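Residue strings, one per chain:
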Amino acid sequence: MTFKSILDEIENNLNKILGELSIHDVKFSVEPAKSGFGDVSSNVSFLLAKQLKKNPKDIADMLSERFQNCTNTLVMRSEAHPSGYLNFYADWGKLSQLILSESYLDEFGDVDIGKNTAIVVEHTSVNPNKALHIGHIRNIVIGDTVSRILKKANYKVNILNYVDDSGLQVADIIVGFKHLGFAEEPPHGKKFDHYCGDDVYVKTTEKYGADPSLERIRNNVLKELENGDSETARFADKITRKVLAGQLETCWNLDVFYDCLNFESQIIRSGLWSEIFEELKAMSLIEFEKEGKNAGCWVIRGEDNEEDKVIVRSNGTATYIAKDIPYAAWKLGLLDDPFNYEKYEKKQPDSRDLWQTTLKKNNPISQNFTGEKVVTVIDSRQARLQKIITSLMGKFKSMPDAYVHLGYESVTLSSETAKTLGLDTEGKQAQMSGRRGLYVNADSVYELLKEKTKEETKKRHSEMSPSEIEKIAHNVSVATLRYEMIKQDLDKIITFDLTKSLSLEGDTAPYIQYTCARASRILEKSDRIPTIDVDFSLLKEKSEIDLIKNIGLFNLQVRDAANNLSPKVIARYCHDLAVAFNSFYENAKVLELGDVNLENSRLCLVNSFKITLERALDLLGITAPDRM
RNA sequence: GGGCCUAUAGCUCAGCAUGGAUAGAGUGUUGGACUUCUAAUCCAAUGGUCAAGGGAUCGAAGCCCUUUGGGCCCA
């Protein structure tokens, strides 16, 4: 029950008091207090002020007095603050025991929001014609973190990666391979996805300006891609799968794993579109336009002031949104599944099965990767399109929020970083562009981080084996990259700067990981196995109580993060935990105190902290090394 | 022309959903703490007309309206 126990106790008692006063339907808050104002605060007196025609302070006084007469097990006393807040002080002897002994349980921090229902999280979904750049990483890390949080909130999460293997960008590199003579093998030592993105894609698109005939060739390629039997489609399939393999390697390295890969080409060939097209017509969700500029097209009427959206052009071809509609409906389980499934050719490092859709009929295996709800992680430039899909899905499925577009702002390059890539932006930040070769590859950032972390680790631990240093550097680099991608709000633009991103101090992942190393060291040196069979009332220093309080907030933070699909909440929580531990570390010694009971109690706290932080970090996909 | 996002300390950001106490971190700058469980740490100082204006409220960084700057999407 954790810290929530005391919140519940207070809320119940306050409700009881209000009931005695014949006051109902007041939605007051009961929250962890700001530092310096006790342990728990309630705004109840403010809300009653008008109704009772008294000032908040007098009401707080009255409530506080009545509160003394309630049965309290975890609250020591209540206090009316002159401001009008009602503050509560916990009986930490009891609350500490409750929190710390629970923290040892496997289910610590679990909340049940999902009731074990299935939810789909789709993320990554990068065109398979290039390597992942730092902007894609934001999508991937958000998606992966949200998935982990939803699992903790008792959802059955199906993680999908949509592979757009038949779009314009793929056509571009096929033009490069087939018509501009790019070799099929990358230069020695270069990953295939990097080669396709850095060389084939950029250099091919560069040539479009000079040679207009290439556009025509590309359009032909595009058409051939839609027909699965063409030689071009087979070639493209081979190339895109090699690129995809490279991209997946990057993801796996960051501890990001999937359940199923969905290929756009198969969605097109599956016939899902015509099925849903008929349904859209039947439900009058789309209309045939008889006049105006969209005459002859099937359109979705724009809501409010928005333009109508063309779904099928007058020449009968579907627009790109037409691919998204059946896919969204498929994810929600609204359509008969046209796919069979097969295992992906490589195993994921975490040994979770990775499936992929297939239209092959031999040896059919069926799987279910759909969900009651769907979360689609796509950057907010797609908000308009996603809004249409959301609204359509709302009409297909009468559940509120069944389809959620989780949008986020883009990652731009700082002017300095843009300059190192050869673009002078006159001090402004720059949008990344795969086409123009203006991006920073995720693999390169990881490598740079790892080199720097290795140096730092060597400096501190000259005795360490290279393999151990390698492992620490890997953990710290992955953590840094992931943490930087989610520590701020989704609707804030991240300006990526190659130099600044390498910082390992302050509000960074290493800061948090470092506290774990400190805790490990204490536990290791103690030569004892910490237990919960200790005297919790010995833990009464402010820094100890603060740390315990933070540990007790875990499930509340998970609830908040899951309800709001907000990875940032957990990032901040981890940081708060680390700050609380560092304060404890400075203020309270653990070992060689000459007081075995106190030592045991503190060891229990250290262990509890470590377990909790590790669990919270796990939600961020971060591992904390025991030494660093 | 229409729509979405955004503006809080020199810089990067929390806080805003659900209005109430003293607006918090990191970074920067200055100074201090390693014979003591790891200094990737800690402590102190410094730094704010919460973009501007208006409105409703006993009370606004937060809610409503208008304007401006920045970013994006559509036309």
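### A short note on helix H19 (residues 554-563)
Helical geometry note: an α-helix holds 3.6 residues per turn, so side chains three or four residues apart project in the same direction. Most of H19 sits inside the fold, with seven of its ten residues counted as buried. At its buried positions, H19 is contacted by helix H1 (4-20), helix H5 (134-152), helix H18 (542-552), helix H20 (567-587) and helix H21 (596-619). After H19 finishes, the residue Leu-565 shows a positive phi value of roughly 45 degrees.

### Some words on unusual backbone geometry
Backbone phi values are negative for most residues with the exception of glycine, while trans is the configuration of most peptide bonds. Even without a glycine there, the phi angle at Ser-125 is positive, about 40 degrees. If you trace the backbone, Ser-125 turns up in the loop between strand S5 (118-122) and H5. In the Ramachandran plot, Asn-363 falls in the positive-phi region, its phi being about 55 degrees despite a non-glycine side chain. Locating Asn-363 in the fold gives a position in the loop between strand S12 (355-358) and strand S13 (373-377).

### Quick notes on the protein's contact with RNA strand B
Around RNA strand B, the structure places 49 residues, and the nearest of them are Arg-384, Tyr-511, Tyr-514, Arg-521 and Tyr-585. Within 4 Å of the protein, atoms of RNA strand B come from sugar and phosphate in 63% of cases. The separation between a phosphate oxygen of RNA strand B and a polar side-chain atom of Asp-491 is 2.8 Å. Taking Ala-588, its main chain carries an N or O atom lying 3.2 Å from a base nitrogen of RNA strand B. Those elements that place two or more of their residues in the surface near RNA strand B are helix H15 (442-460), helix H17 (509-526) and H20. Looking at the surface near RNA strand B, the element that brings in the most residues is H17, giving eight residues.

### Observations concerning the packing of helix H8 (residues 213-226) against helix H9 (residues 231-253)
Two elements in contact, H8 and H9, have axes whose closest approach is 7 Å; the angle formed by their N-to-C orientations is 85 degrees. Taken together, the axes of H8 and H9 are roughly perpendicular relative to one another. The segment H8 lies against H9, with Val-221, Glu-224 and Leu-225 engaging Thr-232, Ala-233 and Ala-236.

### A closer look at the environment of Lys-450
Inspection of the secondary structure puts Lys-450 in helix H15. For Lys-450, a relative accessible area of 10% puts it in the buried group. Separated by 141 residues in sequence, Lys-450 and Lys-309 have C-alpha atoms that sit 47 Å apart. With residues near it in sequence (within four places) discarded, Lys-450 still touches Glu-470, Ala-473, His-474 and Ser-477.

### Looking at the packing of aromatic side chains
For the structure shown, the criterion picks out 20 aromatic pairs. Both rings, one in Phe-177 and one in Phe-235, keep their centres 6.0 Å apart while their planes meet at 80 degrees; by these two values the pair is edge-to-face. Of the two residues, Phe-177 is situated in helix H6 (residues 168-179) and Phe-235 in helix H9; the sequence distance between them amounts to 58 residues. You'll find Phe-177 and Phe-235 in the same group, each marked buried.

### A look at the domain arrangement of chain A
Here chain A is partitioned into domain 1 (4-90), domain 2 (118-270 + 339-371), domain 3 (271-320), domain 4 (415-479 + 489-499) and domain 5 (509-619). Here the C-alpha centroids of domain 2 and domain 3 sit 28 Å apart.

### Topic: the environment of Ile-570
Tracing the chain through its elements places Ile-570 in helix H20. In this structure, the C-alpha to C-alpha distance between Ile-570 and Ile-486, residues 84 residues apart in sequence, is 9.3 Å. The contacts of Ile-570, once residues within four sequence positions are left out, are Ile-149, Gln-557, Val-558, Ala-561, Ala-616, Leu-619 and Leu-620.

### Considerations on the pairing of strand S4 (residues 86-90)
Along any regular strand, the residues point their side chains to alternate faces of the sheet. Among the five residues that make up S4, four are buried, leaving the element largely enclosed by the rest of the structure. Of the strand pairs in this sheet, strand S3 (residues 75-80) and S4 are connected by five bridges, and their pairing is antiparallel. Among the inter-strand pairings, Glu-79 is bridged to a residue of S4, identified as Asn-87.

### A look at the sheet that holds strand S15 (residues 411-413)
Pairing in this open sheet of three strands is mixed, and the strands run S16-S15-S17 from one edge to the other. Two strands close off the open sheet at either side, each with one partner strand: strand S16 (430-431) and strand S17 (494-496). Of the strand pairs in this sheet, S15 and S17 are connected by three bridges, and their pairing is parallel. In the sheet register, Leu-413 faces S17, and the bridge partner there is Phe-496.

### Points about the packing of H17 against H21
At a closest axis distance of 10 Å, the pairing of H17 and H21 adopts a crossing angle of 145 degrees. Between H17 and H21 lies a crossing whose hand is left-handed. Between H17 and H21, the contacting residues are Ile-512, Thr-515, Cys-516, Ala-519, Ser-520, Ile-522, Leu-523 and Ser-526 on the first element and Leu-603, Val-606, Asn-607, Phe-609, Lys-610, Leu-613, Glu-614 and Leu-617 on the second. Its residues assigned to classes, the contact of H17 with H21 comprises ten nonpolar, four polar and two charged.

### Brief notes about the sheet that holds strand S8 (residues 287-288)
Through backbone hydrogen bonds, the strands of a sheet pair up, either in parallel or in antiparallel fashion. With antiparallel pairing, the three strands of this open sheet are ordered in space as S8-S9-S10. Looking along the sheet, the strands with just one partner apiece sit at the ends: S8 and strand S10 (309-312). Inspection of the sheet shows strand S9 (residues 298-300) paired to S10 by three bridges, in the antiparallel sense. By the bridge assignment, Trp-298 is partnered in S10 with Val-312.

### Regarding the pairing of S12
Burial along S12 is two-sided: the residues Trp-355 and Thr-357 and Gln-356 and Thr-358 are all buried. Bridging between strand S7 (residues 260-263) and S12 involves two bridges; their strand directions are parallel. Within S12, the residue paired with Leu-261 across the bridge is Gln-356. Sheet topology note: the strand S11 (residues 340-343)/S12 ladder contains four bridges and is antiparallel. Bridging across to S12, Tyr-341 finds its partner in Thr-357.

### Focus: the pattern of salt bridges
This model, assessed by the stated rule, comprises 49 salt bridges. For Arg-301, the salt bridge is made with Glu-287, and the minimal N-O distance between the two is 3.1 Å. Taken as a pair, Arg-301 in the loop between S9 and S10 and Glu-287 in strand S8 lie far apart in primary sequence, 14 residues in all. In this structure, the salt-bridge partner of Arg-602 is Glu-544, at a minimum N-O distance of 2.5 Å. Here Arg-602, found in helix H21, pairs with Glu-544, found in helix H18; they are 58 residues apart in sequence, far enough to count as distant. Each member of the pair, Arg-602 as well as Glu-544, carries the same accessibility label: buried.

### Considerations on a nonpolar patch on the surface
Taken together, Phe-46, Leu-47 and Tyr-85 make up a surface patch of nonpolar side chains, about 260 Å² in accessible area. Examined against the element boundaries, Tyr-85 turns out to sit in the loop between S3 and S4.

### Concerning the side chain of Ser-601
Mapping Ser-601 onto the fold places it in helix H21. Other than its neighbours up to four places away in sequence, Ser-601 contacts Val-534, Asp-535, Leu-538 and Leu-539.

### Quick word on the side chain of Arg-518
Its location among the elements puts Arg-518 in helix H17. Among the polar contacts listed, one links the side chain of Arg-518 to the side chain of Asn-582, at a separation of 2.7 Å. Aside from chain neighbours lying at most four places away, what touches Arg-518 is Phe-581, Asn-582, Tyr-585 and Glu-586.

The rules behind the values
- Every residue gets a number counted from 1 within its own chain, in the order that chain's sequence is written.
- Going through the entries in the order they are written, you letter the chains from A and number the ligands from 1.
- Residue-level local features of this predicted model are given only where pLDDT is at least 70; pairs of side-chain atoms are given and counted only at 80 or more, and the full residue set underlies all totals for whole chains, interfaces and linings.
- Each side-chain value is derived from all of the structure's non-hydrogen atoms; neither hydrogens nor water enter the calculation.
- Remark: exposure states derive from per-residue accessible area (1.4 Å probe, protein chains only) relative to the maximum for the residue type, with buried under 20%, exposed over 50%, and partly exposed in between.
- Each helix corresponds to a stretch of at least 4 residues labelled H or I by DSSP, and each strand to a stretch of at least 2 residues labelled E; elements are numbered beginning at the N terminus.
- Throughout, a contact is declared for two residues whenever any of their heavy atoms are within 4.5 Å.
- Summary of the distance rule: residues count as near a molecule or strand when at least one heavy atom falls within 4 Å of that molecule or strand.
- We call two N or O atoms a polar contact when they sit within 3.5 Å, provided that within protein one can donate a hydrogen and the other can accept it, with sequence-adjacent residues counted only if both atoms are side-chain atoms.
- The axes used here are C-alpha line fits, helices contributing only the stretch in contact, and every angle between their N-to-C directions lies in the interval 0 to 180 degrees.
- Roughly parallel here means an angle under 35 degrees, roughly antiparallel means over 145, roughly perpendicular means 65 to 115, and every remaining angle is called oblique.
- Each Phe, Tyr or Trp ring (for Trp, its six-membered ring) is paired with any other whose centre lies within 6.5 Å, and the angle between the two planes then decides the class: stacked below 30 degrees, edge-to-face above 60, tilted in between.
- Start and end points for every domain follow an automatic or database-based domain assignment.
- One requirement defines pairing of two strands: DSSP has to find at least two bridges between them.
- Helix crossings fall into two classes, left-handed where the near helix is turned counterclockwise from the far one by less than a right angle and right-handed where it is turned clockwise.
- Gly is put with the polar residues, along with every residue not named as nonpolar or charged; the nonpolar set is Ala, Val, Leu, Ile, Met, Phe, Trp, Tyr, Cys and Pro, and the charged set is Asp, Glu, Lys and Arg.
- Every case where a carboxyl oxygen of Asp or Glu lies within 4 Å of a side-chain nitrogen of Lys or Arg is listed as a salt bridge.
- Put simply, a patch holds well-exposed residues, over 30% relative accessible area, that have no salt bridge, with like charges counted together within 9 Å and Val, Leu, Ile, Met, Phe, Trp or Tyr side chains within 5 Å.
- Per-residue and other accessible areas were derived by the Shrake-Rupley procedure at a 1.4 Å probe size, with only the shown protein chains allowed to occlude residues.

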